[in-house]
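What follows is each chain in one-letter form.
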Amino acid sequence: MMLLKETVLAVIGFSAGGVIAAGIFAFLAIIGVFPRLMGKTGTKKHILLYETVLIVGGTLGNVSDIWEIPLGLSAVHEPLLAAFGLSVGIFVGCLVMSLAETLKALPTISRRIHLAVGLQYVILAIALGKLTGALIYFAERFGE
């Protein structure tokens, strides 16, 4: 009876996780993150590769989160962590800008702060401030 209960809970858990992951990927596709990145990088002819990488990445991310598989990368841990952090930061930045563009937030911000030109500098200043704050936070945390 206990095995049946655990099996049902596992199926429900995997199903719920799959639905959430599909919803997130659909949201990212709808707001145009992936098509915009493909257009900016000139790699529209590799759509099948993008789809495959997204599916495999999402699946492997879920599997590694559930089973916490050790990779044995202690020798290259810090550079790998830095590269991963940079990649995630770039992706989140692209996601935020794509969402802001989709919601037409940038023209609204420009009108509200009465900014005729230079909105890109305001955005760059915000991003650099966020980067500086994150670097200070991590430097103090790991400096202990």
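From a predicted model like this one, the values you see are computed outputs, not experimental measurements. (Residues numbered from 1 in each chain as written. Predicted model: local features only at pLDDT ≥ 70, side-chain atom pairs only at ≥ 80, totals over all residues. Heavy atoms only, no water.)

A. Structural view of the packing of helix α1 (residues 2-30) against helix α2 (residues 33-41). Where α1 meets α2, the axes come as close as 5 Å, and the angle between the chain directions of the two elements is 50 degrees. One way to sum up the angle between α1 and α2 is to call them oblique. For the pair α1 and α2, contact is made by Phe25, Leu28 and Ala29 and by Val33, Phe34 and Pro35, respectively. Residues that form the contact of α1 with α2 fall into these classes: six nonpolar, no polar and no charged. (Axes fitted to C-alpha atoms, helices over the stretch in contact; angles between N-to-C directions. Helix = DSSP H or I, 4+ residues; strand = E, 2+ residues; numbered from the N terminus. Parallel < 35°, antiparallel > 145°, perpendicular 65-115°, else oblique. Contact = heavy atoms within 4.5 Å. Nonpolar A, V, L, I, M, F, W, Y, C, P; charged D, E, K, R; others polar.)

B. Spotlight on the confidence of the model for the protein. On average, the protein scores 78 in pLDDT, and the residues at 70 or more come to 92%. In the model of the protein, helix α5 (residues 105-112) stands out as the element of lowest mean pLDDT, 73, in contrast to α1, which has the highest, 82. (pLDDT = per-residue confidence, 0-100.)

C. Molecular detail of the packing of α1 against helix α3 (residues 47-67). Axis separation between α1 and α3 bottoms out at 11 Å; the angle between their running directions is 140 degrees. One way to sum up the angle between α1 and α3 is to call them oblique. Seen along the crossing, α1 lies across α3 with a hand that is right-handed. Residue-level inspection shows Phe14, Ala21 and Phe25 of α1 in contact with α3, the latter providing Leu54, Gly58, Asn62, Ile66 and Trp67. Of the residues in the contact of α1 with α3, the class split is six nonpolar, two polar and no charged. (Left-handed = near helix turned anticlockwise from the far one by under 90°.)

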